[in-house]
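Survey of secondary and tertiary structure
Here are the chains, one letter per residue:
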Amino acid sequence: MLNLVLFGPPGAGKGTQSQNLIEKFGLIHLSTGDLLRGEISQGTKLGIEAKKLMDEGSLVPDEVVIGMISNKLDANKDARGFIFDGFPRTVAQAEALDNLLESKGSAISGMIALEVTDSELEQRLLKRGETSGRADDANPEVIRKRIKEYNDKTAPVAGFYKKQDKFKSINGIGSIDEIFASINSVIEAY
Ligand code: ADP
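Just so we're clear, the structure is a prediction, and the values are computed from it rather than from any experiment.

Reading guide: rules and limits
Residues numbered from 1 in each chain as written. Predicted model: local features only at pLDDT ≥ 70, side-chain atom pairs only at ≥ 80, totals over all residues. Heavy atoms only, no water. Phe/Tyr/Trp six-rings, centres within 6.5 Å; stacked < 30°, edge-to-face > 60°. Buried < 20%, exposed > 50% of the residue type's maximum accessible area, 1.4 Å probe, protein only. Near = heavy atom within 4 Å. Polar contact = N/O pair within 3.5 Å; in protein donor to acceptor, adjacent residues only side chain to side chain. Areas by Shrake-Rupley, 256 points an atom, 1.4 Å probe, with all protein chains shown as cover. Helix = DSSP H or I, 4+ residues; strand = E, 2+ residues; numbered from the N terminus. Nonpolar A, V, L, I, M, F, W, Y, C, P; charged D, E, K, R; others polar. Pairing = 2+ DSSP bridges. Axes fitted to C-alpha atoms, helices over the stretch in contact; angles between N-to-C directions. Contact = heavy atoms within 4.5 Å. Expected span 1.5 Å × (residues − 1). Parallel < 35°, antiparallel > 145°, perpendicular 65-115°, else oblique. Left-handed = near helix turned anticlockwise from the far one by under 90°.

Focus: the packing of aromatic side chains
Per the counting criterion, the structure on display carries four aromatic pairs. Their ring planes at 75 degrees and their centres at 5.1 Å tell us that F160 and Y161 sit as a pair that is edge-to-face. Exposure class is identical for F160 and Y161. Each is buried. Cluster of aromatic residues (ring-pair linked, three or more members): F82, F84 and F87.

Below, the structure written as structure tokens:
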């Protein structure tokens, strides 16, 4: 199985590159952000609770997102592999993911981090906010809070995969095709 963690701050281009990877490798895309937005649009209890946190730029609790990922892994037993996008976002989530995959006789192949500067991120997110309809993209204060959450809680997840020798970073600034080519050269090495 090819199990990739696509890593990087909000606005780094994970969703865009995930679409390319799904087409090329036939992987299942698991974006916790998309799964949470699905819960919100369906008006579930989980969605109602998550919305408050998401709108202010905070992370939702680990057990909520771990539960969602566990359900999706069970629902896609025959998959050729997965792209994890926006997950794991804390070291506790990374540990839980290792355990979930191990219990299925699988493992993470590697983490690929997209490197983008903070000022570029802020610009991209504000631009996305003009069309995405996402409340968390429209407000500069919320964007800064998301980047802070990333630096405080999510950036350490890179160290978790570095220890396992599974971390690679690539330049996330450039054309979509250039960045996709860099991702492919990392995957070829697996
Ligand atoms: P971004 O474009 O900022 O990377 P996502 O669409 O992945 O955002 O997620 C939007 C929001 O959903 C996050 O700011 C957070 O509140 C919540 N969220 C998504 N994934 C996770 C996760 N793995 N753990 C905790 N909260 C999450």
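Let's pick the thread back up.
Focus on the site of the ligand
The immediate surroundings of the ligand are formed by 19 residues, with T32, R37, S58, Q93 and R146 found nearest. Contact between the ligand and Q93: a nitrogen atom at 2.9 Å from a side-chain N or O atom of the residue. R146 is positioned with one of its side-chain polar atoms (N or O) 2.6 Å from an oxygen atom of the ligand. Coverage of the ligand by the protein chains reaches 96% of its 550 Å² of free accessible surface. A total of four residues in the shell around the ligand trace back to one element, the largest contributor, which is helix α2 (residues 32–42). Grouping the amino acids of the shell around the ligand by side-chain chemistry returns seven nonpolar, five polar and seven charged.

Some thoughts on the sheet that holds strand β4 (residues 110–115)
Read across the sheet, five strands follow the order β2-β3-β1-β4-β5 without closing on themselves; strand pairing throughout is parallel. At either end of the open sheet lies a strand with only one pairing partner, and these are β2 (28–31) and β5 (167–171). Across the sheet, the axes of successive neighbouring strands diverge by a mean angle of 20 degrees, strand direction being ignored. Pairing analysis gives five bridges linking strand β1 (residues 2–7) to strand β3 (residues 81–85), with the strands arranged parallel. Considered in β3, the bridge of N3 is made with F82. In the packing of helix α1 (residues 14–25) onto the sheet, contacts are made with β1, β2, β3 and β4, and the angle to β1 comes to roughly 165 degrees. Packed on one face of the sheet, helix α10 (residues 176–188) meets β1, β4 and β5 and runs near 160 degrees to β5.

Some points on helix α5 (residues 91–103)
When the terminal C-alpha atoms of α5 are compared, their 19 Å separation across 13 residues agrees well with the 18 Å that a helix rising 1.5 Å per residue should span. Every buried residue belonging to α5 is among Q93, A94, A96, L97, D98, L100 and L101, and all of these are buried. Packing partners of the buried residues in α5 comprise β1, α4 (62–75), β3 and α9 (156–163). G105 occupies a position one or two residues after α5 and carries a positive phi of about 70 degrees.

Quick notes on the packing of α4 against α5
Between α4 and α5, the least distance of the axes is 10 Å, while the angle of their chain directions is 25 degrees. Considering the angle they form, α4 stands roughly parallel to α5. Note that α4 runs across α5; the crossing there is right-handed. In this structure, α4 contributes D62, V65, I66, I69, S70 and L73 to the contact, and α5 contributes A92, Q93, A96, L97, L100 and L101. Taken together, the residues of the contact of α4 with α5 break down into nine nonpolar, two polar and one charged.

Considering the environment of N76
Structurally, the position occupied by N76 is in the loop between α4 and β3. Under the relative-accessibility criterion, N76 is labelled partly exposed at 22%. Note: C-alpha distance between N76 and I28 (48 residues apart in sequence) is 8.1 Å. For N76, the residues in contact, after removing those within four places along its chain, are I28 and F82. Within polar-contact distance, the side chain of N76 engages the backbone oxygen of K72 at 2.8 Å.

Describing the pairing of β1
In terms of burial, β1 is largely enclosed, as six of its six residues are buried. Here β1 shows two buried faces, one formed by L2, L4 and L6 and the other by N3, V5 and F7. One ladder, built from four bridges, connects β1 with β4; its direction is parallel. Bridge pairing links L6 to I112 in β4.

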